[in-house]
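Here is how the chains run, residue by residue.
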Amino acid sequence: MSGQAALKKIITKFQGIRELSVLQGRGQKRISSETAEEVALTVVERASDSQYSSTSARAVSYNLLLPWSTVRKVLRSIVKWYPYKIHIVQLLNPADPDQRTQFARIVLATITNGNSWPWNILWSDEARITLDGAVNNQGARYSDLLQQQVIPILQERECLETTVFMQDGALPHIARAVQSLLRAHFGDDRMIVRNFPTVWPPRSPDLNHCDFWLWGSLKDRVYGGSIRTLPELKVSIKHHVTTIDRQTLRSIIRFDHVLDANGMHIEHML
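Now for a description of the structure that goes with this document.

Scoring rules and cut-offs
Residues numbered from 1 in each chain as written. Predicted model: local features only at pLDDT ≥ 70, side-chain atom pairs only at ≥ 80, totals over all residues. Heavy atoms only, no water. Core = buried A, V, L, I, M, F, W, Y, C linked by side-chain atoms within 4.5 Å. Buried < 20%, exposed > 50% of the residue type's maximum accessible area, 1.4 Å probe, protein only. Helix = DSSP H or I, 4+ residues; strand = E, 2+ residues; numbered from the N terminus. Contact = heavy atoms within 4.5 Å. Axes fitted to C-alpha atoms, helices over the stretch in contact; angles between N-to-C directions. Parallel < 35°, antiparallel > 145°, perpendicular 65-115°, else oblique. Nonpolar A, V, L, I, M, F, W, Y, C, P; charged D, E, K, R; others polar. Expected span 1.5 Å × (residues − 1). Phe/Tyr/Trp six-rings, centres within 6.5 Å; stacked < 30°, edge-to-face > 60°. Lys NZ or Arg CZ within 6 Å of the ring centre and 35° of its normal.

Moving on, we come to the nonpolar core. One finds I121, W123, I192, W200 and F255 to be the most contacted residues of the largest nonpolar core, which totals 26 residues. Among the secondary structure elements, those contributing two or more residues to this core are α5 (96-112), β1 (121-123), β4 (164-166), α8 (209-222) and α11 (255-260). Setting aside anything within four residues of it in sequence, one finds I121 in contact with V164, M166 and I192.

So, in structure tokens, the structure goes:
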């Protein structure tokens, strides 16, 4: 509304009631218990008739001829129901739950026995974070990444001899050249990967801390500020990675959930 139109509206209102206070009945109104109950029942009914057992606030608003904001307020503030997004997970094969359970028991047993092995695991995954907000977790030139960055950094920090290297079963990870490189630096006993004594459970990104936690958390922090150039993006990524403390890293180890879920997916429990 333009300034002149707004002023004209105020003058018209004053001429009608001779005051500028809010008219009786105007403003935010209290939602009745009947309306709240009607919204909740409609949500349940629509969800039960849906193929995916779900509905939307806008659909309920249209169905009841209520403002969308009213439906949203009922769901969030009164009924305490919140929207969710469907998460796509990898379909597990029949043998996968047993392998996931076995791996979880190995990790939990070593933690219980005071072994430092779980805390020395280098959880690996690749992601490309861009200026436009995209995170692409399809790694490229994996062998070069290991040779030119990962291994030299571990050598510089003098922890290569104690690091346990984990990687999933993506095709670039199980190439013969990559396996030879990793075996030369980590040996068979400090590898968690396919074709090694300690096998990473297949189709299990929800067990990899990078996959289910780090990339999402890092993206929220990095893009929470104003990033305009590539150097600024790199500085922001490095800063936020170095501010992650040890307690946070240890708190996200949730292999007990794998046992609770009988080896099935645990993303909904994290």
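Where helix α2 (residues 33-49) contacts helix α4 (residues 68-78), the two axes come as close as 10 Å, and the packing angle between them is 90°. Looking at the two axes, α2 sits roughly perpendicular to α4. Of the residues in α4, those in contact with T35, A36, V39 and V43 of α2 are T70, V71, V74, L75 and I78. Residues of the contact of α2 with α4, tallied by class, amount to seven nonpolar, two polar and no charged.

Take α5 next. In a regular helix each residue adds 1.5 Å, so 17 residues correspond to 24 Å; α5 covers 24 Å between its end C-alpha atoms and thus fits that length. Every buried residue belonging to α5 is among D96, P97, R100, T101, F103, A104, V107 and T110, and all of these are buried. Looking at the packing, one finds that the buried side of α5 touches β5 (191-192) and α11. Just downstream of α5, G114 is the residue with a positive phi angle, here 75°.

All right, on to the packing of aromatic side chains then. For the structure on display, the rule yields five aromatic pairs. Between F103 and W200 the ring centres are 5.3 Å apart and the planes differ by 75°, which places this aromatic pair in the edge-to-face class. With a gap of 97 residues between them, F103 in helix α5 and W200 in the loop between β5 and α8 connect regions that are remote in the sequence. The same class applies to F103 and to W200, which are both buried. Between F103 and F255, the aromatic rings sit 5.8 Å apart at their centres with planes inclined by 70°, giving edge-to-face as the arrangement. With F103 in helix α5 and F255 in helix α11, this residue pair connects regions lying 152 residues apart in the sequence. The pair F103 / F255 is uniform in exposure class, with both members buried. Taken together through their ring pairs, the aromatic side chains of F103, W123, W200 and F255 make up a single cluster. It is R58 that lies over the ring of W68; its NZ or CZ is 4.5 Å from the centre. Sitting above the plane of the W119 ring, R250 keeps its charged end 4.1 Å from the centroid.

A word on unusual backbone geometry. Apart from glycine, the bulk of residues carry a negative phi angle, and the bulk of peptide bonds sit in the trans form. The phi dihedral of E158 falls on the positive side, at around 55°, and the residue is not glycine. Looking at the secondary structure, you find E158 in the loop between α6 (142-156) and β4. Residue E158 is classed as exposed on the basis of its relative accessible area, which comes to 74%. With phi around 55°, N262 is a residue other than glycine that occupies positive phi space. Looking at where N262 falls in the secondary structure, it is placed in the segment after α11.

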